[in-house]
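# Summary of structural features
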Amino acid sequence: MKKSILFLSAGLLAVAFAASCASYRSYTVPEQPTEEYAAVLNGKTLTIMPFEIDFHNSRGIIAVEYFKVGDTYTKRYAVEEENLTLNAPVGILQRNILNKVKLSQPELMRAVLAVLKEGSLGRLDYHYPFMKGLGSGNMGTLSNRPVSTDTSTTPVTVSYLPPIGPLSYFSSVRAVGEADAATSDYYLEGEVTLDNEILHVLGAPMPMSGTFERAPKMNDYYLSIWASITFRLYDAKTGAEVVTHKTKLLFPMYAGYKKLYYIPMEDPDDFYELDSFLALDYSSYAKDAVARAAETILPWIAPYVANVQYMEKIEE
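Read on for a plain summary of the structure. Nothing here was measured: the structure is a model prediction, and the numbers come from that model.

## As for the pattern of salt bridges
Opposite charge on two side chains permits them to pair, given that their charged atoms come into close proximity. Counted under the stated rule, the structure contains eleven salt bridges. Note that Arg59 and Glu81 form a salt bridge whose closest N and O atoms lie 2.8 Å from each other. Here Arg59, found in the loop between β3 (52–56) and β4 (68–69), pairs with Glu81, found in strand β6 (residues 79–83); they are 22 residues apart in sequence, far enough to count as distant. Arg59 sits in the partly exposed class, given a relative accessible area of 27%. Residue Glu81 is classed as partly exposed on the basis of its relative accessible area, which comes to 28%. The partner of Arg232 in a salt bridge is Glu189, with the nearest N and O atoms 2.8 Å apart.

## So, helix α4 (residues 283–295)
Compared with the 18 Å implied by 1.5 Å per residue over 13 residues, the 18 Å span of α4 between its first and last C-alpha is a close match. With eleven of 13 residues buried, α4 lies mostly within the body of the structure. Listed in full, the buried residues belonging to α4 are Ser283, Tyr285, Ala286, Asp288, Ala289, Val290, Ala291, Arg292, Ala293, Ala294 and Glu295.

## Focus: the packing of aromatic side chains
On inspection of all chains with the given rule, the structure shows eight aromatic pairs. Note on Tyr27 and Tyr310: the rings are 5.7 Å apart at their centroids and 20 degrees apart in plane angle, and the pair reads as stacked. Note that Tyr27 is positioned in strand β1 (residues 24–31) and Tyr310 in strand β17 (residues 305–313), a separation of 283 residues in sequence. A relative accessible area of 30% means that Tyr27 is categorised as partly exposed. Using a relative accessible area of 23% as the deciding quantity, one classes Tyr310 as partly exposed. Where Phe130 meets Phe251, the ring centres are 5.1 Å apart and the plane angle is 80 degrees; that geometry is what we call edge-to-face. You can see Phe130 sitting in strand β8 (residues 127–131) and its partner Phe251 sitting in the loop between β15 (241–244) and β16 (256–262), a full 121 residues away along the chain. The exposure class assigned to Phe130 is buried, which follows from its relative accessible area of 1%. Under the relative-accessibility criterion, Phe251 is labelled buried at 7%. One residue, Lys132, lies across the ring of Phe251, its end atom 4.2 Å from the ring centre. For the cation-ring pair, Arg232 lies above Tyr234, with the distance from its terminal atom to the ring centre recorded as 4.0 Å.

## Quick look at the sheet that holds β8
The strand order across the open sheet built from four strands is β1-β17-β9-β8, with neighbouring strands paired in antiparallel fashion. Each edge of the open sheet is held by one strand with a lone partner, namely β1 and β8. Within this sheet the neighbouring strands show an average axis-to-axis angle of 30 degrees, counted without direction. One ladder, built from eight bridges, connects β1 with β17; its direction is antiparallel. Residue pairing in the sheet places Ser26 in a bridge with Met311 of β17.

Thresholds applied
- Residues numbered from 1 in each chain as written.
- Predicted model: local features only at pLDDT ≥ 70, side-chain atom pairs only at ≥ 80, totals over all residues.
- Heavy atoms only, no water.
- Salt bridge = Lys/Arg side-chain N within 4 Å of Asp/Glu carboxyl O.
- Helix = DSSP H or I, 4+ residues; strand = E, 2+ residues; numbered from the N terminus.
- Buried < 20%, exposed > 50% of the residue type's maximum accessible area, 1.4 Å probe, protein only.
- Expected span 1.5 Å × (residues − 1).
- Phe/Tyr/Trp six-rings, centres within 6.5 Å; stacked < 30°, edge-to-face > 60°.
- Lys NZ or Arg CZ within 6 Å of the ring centre and 35° of its normal.
- Pairing = 2+ DSSP bridges.
- Axes fitted to C-alpha atoms, helices over the stretch in contact; angles between N-to-C directions.

So this is what it looks like as structure tokens:
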């Protein structure tokens, strides 16, 4: 699986010190916190239930999406807006395209299961940002083991270091249908919701920050996916919940994943009718989105490392 890109850089910490003329250096300290609920999970067994997959579009717009006829454009977009990620005007069309093409939900469920099983056993490397607030010691990244970053490269190079503590709470993790799955101490279940739509870039993108697989251009098409995830881990005998997506971690982070996936086309001008998009294959984009979303709940269900960024004043 492709490793997650680093969303948070050490440069953000400088915000809290911007008003000062003094010099500072940044450094990272790996810490492994112990969540209160961890004690009841240690050494127990876990069964992962199939996570439900839901496709939808949250705009709630009821309107006719018009077409381009010949060389004349009519208003085919549900809405036109400025997209902050692309830094360009976009037209929104084909809302909930994943549902319209009847994308395979079982395939996506298997992708989620693979991440959760490997991740809950501590076998999957990941890193995502956490933020308690601005300032030294309040930001950094959560990962399964300590990380080292090289900011001199583009994108930033992330290396995973040896673990500093346990990588899993559980003695074994099973999926439904596997041997002894029905006798586990705890169960994990949940749902991934893919809020999706296609964007058409209507103007030349302005200069932007961030890293793209390719520089966005006018007339590009993107599949926008916001994968939100909910879950609960509960006692198999009593049904009592141990931890859910609403549980606040000692180092809080967001559960879910959002990305714009560029849709390559030999001739974008051929896609002037809405039905043209129904013939495309979106499975790889959706599979990546659900897998990344599943990664983001690993700090709740397995021990994690907080790579805490600190700022230190350099005395002259």
